[in-house]
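Close look at the chain arrangement
Residues per chain are reported as follows:
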Amino acid sequence: MLSKRVIPCLDVRNGRLTKGIKFKDNVDIGDPVETAKKYYEEGADEIVFYDITASHEARGIFLDVVEKVASQIFIPFSVGGGINTVDDMRDVLVAGAEKVSVNSGAVKNPDIISEGAARFGSQCVVLGMDVKRVEKSEKIPSGFEIVIHGGRKFMGLDAVEWAKTGEALGAGEICLNSIDADGVKKGYDLELTRIIAESVTIPVIASGGAGNPQHMVDAVTTGKATAALIASIVHYGEYTIPELKKQMANAGVQTRAVW
C-alpha cells in the first residue's frame, strides 16, 4: 500500500505567508521560507506554494521567494499562481520547483496542460482546481463549479468534467480545493473529493477544511484522496506534522515516518 502524503500549503501574498477563510480576509502569518524549512524538518512529504494574488493581479509569480524556499527544502515542491504559459512553467521549475500547479491559466488556455506535459512530463504538471458548491444545473450537473482568480470568477464549468479534461490533456495530479471548506477547519468536502477521485485515475490531493487528524483520515479513506493538504492547523501550532502522522497511523492510515 502506498503511504498517504501529508502536504503543508504555503499561501503567499506579497512575499509573505498568509491565511484566510474561504479565500477572504487574509492575514499575514509569517515568513514562507522559514516556515517551509520547519515543515521539511518535521517530516512533510511535500510542500505546496501558491502565490495567491498573481492571477488576479495579472503578474508573474515571485520567483525570488520560490528560489529561497527551494534552497531550504529537499522534498517535492509544487508551485502555482500566475502561470499562464509554458515559459512560466519553465521559470518555476528552473527556480527549484519539481511540480507546477496550473489553475486559472489552464481554465483560460487548456493547451498549457498538454504543452507542459509534452515539454516537462506529466509528473511535473498539477491541475489546481478551486471549486464551489452551486445549484445543480444542465451546465453544472455535479453541483460543483470551477472558480478562478482566487475564488473571484465563476466559470460555468463543471468540476468533474474539468478534472476529466485535465487528465486527458496530460495532468499528472489534481490538487482539489473546496472554497466552501477553506480555512473553516470543519473537515474536507468529502463528497467533492470522492467524486473527483472516482472520475479520474491520477492522484487527487484533498485541500480545504482540515481541522484535526480525523479529517485527514477521512479525506484519504472516505474521500479516496491520495494526500491531504494542510494549512491552518500547522500554521497556528495546533498540531505538528509528526503528531498528525502518528494519529493518522493510529487510525490505520499508512504514512511515511522518515525519508
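Everything in this summary refers to the structure shown in the same document. Counting restarts for each chain: residues are numbered from 1 in the order of the written sequence. Reporting of local features is limited, given that this is a predicted model, to residues whose pLDDT is at least 70; pairs of side-chain atoms are given and counted only at 80 or more, and all residues count toward the totals for whole chains, interfaces and linings. Remark: hydrogens and water are excluded; side-chain values derive from all non-hydrogen atoms of the structure.

Details of the nonpolar core
- Residues grouped as a nonpolar core are buried Ala, Val, Leu, Ile, Met, Phe, Trp, Tyr and Cys residues, joined through side-chain atoms within 4.5 Å. Buried, partly exposed and exposed residues are distinguished by accessible area as a fraction of the type maximum, computed with a 1.4 Å probe on protein chains only: under 20%, between the cut-offs, and over 50%, respectively. Among the nonpolar cores identified, the biggest contains 70 residues, and Phe77, Met129, Ile174, Ile196 and Met216 are the most heavily contacted of them.
- By the convention used here, residues are in contact when the closest approach between their heavy atoms is within 4.5 Å. Ile196 has contacts with Met129, Ala159, Val160, Ala163, Ile174, Leu176 and Val204, leaving out every residue within four places of it along the chain.
- Residues Ile7, Cys9, Val126 and Ile205 belong to the second largest nonpolar core, which totals 9 residues.

A closer look at the packing of aromatic side chains
- Side-chain rings of Phe, Tyr and Trp (the six-membered ring for Trp) are treated as a pair once their centres are within 6.5 Å; stacked means planes under 30 degrees apart, edge-to-face means over 60, and tilted covers the remaining angles. This model, assessed by the stated rule, comprises 2 aromatic pairs.
- Between Tyr40 and Phe74, the aromatic rings sit 5.7 Å apart at their centres with planes inclined by 65 degrees, giving edge-to-face as the arrangement. Highlighted residues: Tyr40 in helix α1 (residues 32–42) and Phe74 in the loop between α2 (63–70) and β5 (77–80), separated in sequence by 34 residues.
- Take Phe74: its relative accessible area is 60%, and that puts it in the exposed class.
- Ring centres 6.1 Å apart and planes at 90 degrees place the aromatic pair Phe49 and Phe77 in the edge-to-face group. Numbering of helices and strands starts at the N terminus; helices are DSSP runs of H or I of at least 4 residues and strands are runs of E of at least 2.

Considerations on α1
- If you check which residues of α1 are buried, you get Pro32, Val33, Thr35, Ala36 and Tyr39. Across the axial projection of α1, the buried residues extend over an arc of 165 degrees, all falling on one side. Every exposed residue of α1 that faces more than 90 degrees away from the buried side is listed here: Glu34 and Glu41.
- The first or second residue beyond α1 is Gly43, which carries a positive phi of 110 degrees. Picture the helix axis, draw a direction to every C-beta atom, and the arc is the one those directions span.

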